[in-house]
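Reading the structure
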Amino acid sequence: MAIILPDLPYAYDALEPVFDTETMTLHHDKHHATYVANVNAALEKHPEIGEDLEALLSNVESIPADIRQAVINNGGGHLNHALFWELLSPEKTEITEDVAAAINEAFGSFEEFQAVFTAAATTRFGSGWAWLVVNAEGKLEVLSTANQDTPIMDGKKPILALDVWEHAYYLNYRNVRPNYIKAFFEIINWNKVAELYAAAK
Ligand SMILES: [Fe+2]
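Residues numbered from 1 in each chain as written. Predicted model: local features only at pLDDT ≥ 70, side-chain atom pairs only at ≥ 80, totals over all residues. Heavy atoms only, no water.

1. Some words on the overall build of the protein
Along the protein, the regular secondary structure elements total eight helices and three strands. For the protein, the N- to C-terminal ordering of α and β elements is α-α-α-α-α-β-β-β-α-α-α. What you see for the protein is a C-alpha radius of gyration of 17 Å, in line with the 17 Å of a compact globule of 201 residues. Counting only C-alpha atoms and orienting by the principal axes, one finds that the protein spans roughly 45 × 40 × 30 Å. Relative to its full complement of 201 residues, the protein shows a buried share of 47%. (Helix = DSSP H or I, 4+ residues; strand = E, 2+ residues; numbered from the N terminus. Rg over C-alpha atoms; globule rule 2.2 N^0.38 Å. Buried < 20%, exposed > 50% of the residue type's maximum accessible area, 1.4 Å probe, protein only.)

So this is what it looks like as structure tokens:
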């Protein structure tokens with residue numbers, strides 16, 4: 001077996017005009033596909049460790065040193081993108097009571113959460129991700145990571161993710177990352193966030 005590139009859970013043009021068709025096509029068919037090909041190439045060198053990327057990335061020391069960074073970069077790249085696609089929705093969804101209550105408890109208000117998340121996404125220098133996670137204490141926390149590092153590596157469970165690599169927004173939003181971040185909030189799949197939160201807490 002090998003890790004398979006999952007299809008997008010909607011059509012390539014389904015998120016127009018917020019996320020454009022060309023970006024979604026390149027992002028999934030080229031960028032995400034490359035992470036899948038590269039993580040498979042790395043894992044083939046050590047069939048004894050299996051292919052459970054979440055387990056491997058939650059204990060990176062368990063990954064053989066000669067493929068460790070390749071699995072972090074490309075295994076993380078695969079998991080992060082697979083999650084990201086699921087967290088976007090062509091149909092408008094509403095935040096659930098559970099998630100809204102947890103956000104209010106952690107940040108004071110939804111507006112404050114959005115400000116903190118936006119700041120994390122905006123100030124992540126270079127390539128990376130912004131996250132809303134459930135931490136080891138079961139509390140919500142906003143953070144950002146570099147490259148394709150995933151919060152799973154620090155024992156944190158992601159429930160919302162935003163790709164802030166330039167490949168995610170440059171065609172539509174050019175260099176203006178803040179406009180892309182603002183637009184993202186229009187297409188969040190709050191049902192998926194609720195599902196991840198219920199599983200994580
Ligand atoms: Fe990406």
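Alright, that's what it looks like, and here's the rest.
2. Observations regarding the sheet that holds strand β3 (residues 157-163)
Across the sheet, three strands lie side by side as β2-β1-β3; this open sheet has antiparallel pairing. Looking along the sheet, the strands with just one partner apiece sit at the ends: β2 (140-146) and β3. With strand direction ignored, the average angle separating the axes of adjacent strands in the sheet is 25 degrees. Here strand β1 (residues 128-134) pairs with β2 via seven bridges, running antiparallel. The partner of W129 across the bridge, within β2, is T145. (Pairing = 2+ DSSP bridges. Axes fitted to C-alpha atoms, helices over the stretch in contact; angles between N-to-C directions.)

3. A word on the pattern of salt bridges
Tallied over the full model, the rule gives five salt bridges. Put simply, K201 and D98 hold a salt bridge, and the shortest N to O gap is 3.4 Å. Highlighted residues: K201 in the segment after α8 (190-200) and D98 in helix α4 (residues 97-107), separated in sequence by 103 residues. When its relative accessible area of 55% is taken as the criterion, K201 is described as exposed. (Salt bridge = Lys/Arg side-chain N within 4 Å of Asp/Glu carboxyl O.)

4. Looking at the environment of E186
Along the chain, E186 falls in the loop between α7 (177-184) and α8. The exposed category is assigned to E186, whose relative accessible area is 52%. The sequence separation of E186 and T145 amounts to 41 residues, and the corresponding C-alpha distance is 23 Å.

5. A few points about the coordination of the iron ion
Put simply, the ideal angle at a metal is 109.5 degrees for four donors in tetrahedral geometry and 90 or 180 degrees for six donors in octahedral geometry. Summarising the metal site, the iron ion is bound by the protein donors H27 (NE2), H81 (NE2), D163 (OD) and H167 (NE2), whose distances to it range over 1.9 to 2.1 Å. Coordination at the iron ion is irregular: its four donor atoms span angles of 90 to 137 degrees at the metal. (Donors = N, O, S within 2.8 Å, 3.2 Å for Na, K, Ca; no water. Tetrahedral: all angles 85-135°; square planar, octahedral: opposite > 155°, others 65-115°.)

6. A short note on the nonpolar core
If you look at the biggest cluster of nonpolar residues, it comprises 51 residues, and the most contacted ones within it are F19, F113, L162, Y180 and F184. Not counting residues within four places of it along the chain, the set of residues in contact with F113 comprises I103, F107, L132, V142, L160, F185 and W190. Listed in part, the 15 residues of the second largest apolar core include I3, L43, L53 and L57. (Core = buried A, V, L, I, M, F, W, Y, C linked by side-chain atoms within 4.5 Å. Contact = heavy atoms within 4.5 Å.)

7. Looking at the side chain of T23
With respect to the secondary-structure elements, T23 resides in helix α1 (residues 21-43). Those residues in contact with T23, other than ones at most four positions away along the chain, are H167, A168, L171 and N172.

8. So, the packing of α4 against helix α5 (residues 110-123)
Two numbers describe how α4 lies on α5: the axes approach to 8 Å, and their chain directions differ by 70 degrees. Classified by the interaxial angle, the pair formed by α4 and α5 is roughly perpendicular. For the pair α4 and α5, the contacting residues are I103, N104 and F107 in the first and F110, E112, F113 and V116 in the second. Looking at the contact of α4 with α5, its residues break down into five nonpolar, one polar and one charged. (Parallel < 35°, antiparallel > 145°, perpendicular 65-115°, else oblique. Nonpolar A, V, L, I, M, F, W, Y, C, P; charged D, E, K, R; others polar.)

9. Some thoughts on the pairing of β3
Within β3, six of the seven residues are buried, which leaves the element mostly enclosed by the surrounding structure. Sheet topology note: the β1/β3 ladder contains six bridges and is antiparallel. Counted as the bridge partner of W131 is A161 from β3.

10. A look at the side chain of N135
Positionally, N135 belongs in the loop between β1 and β2. The class of N135 is buried, set by a relative accessible area of 13%. Looking at N135, its side chain comes within polar contact range of the side chain of E141, at 3.0 Å. If we ignore the near neighbours within four places in the chain, the residues touching N135 are E141 and K156. (Polar contact = N/O pair within 3.5 Å; in protein donor to acceptor, adjacent residues only side chain to side chain.)

This is a description of form; function is not addressed.
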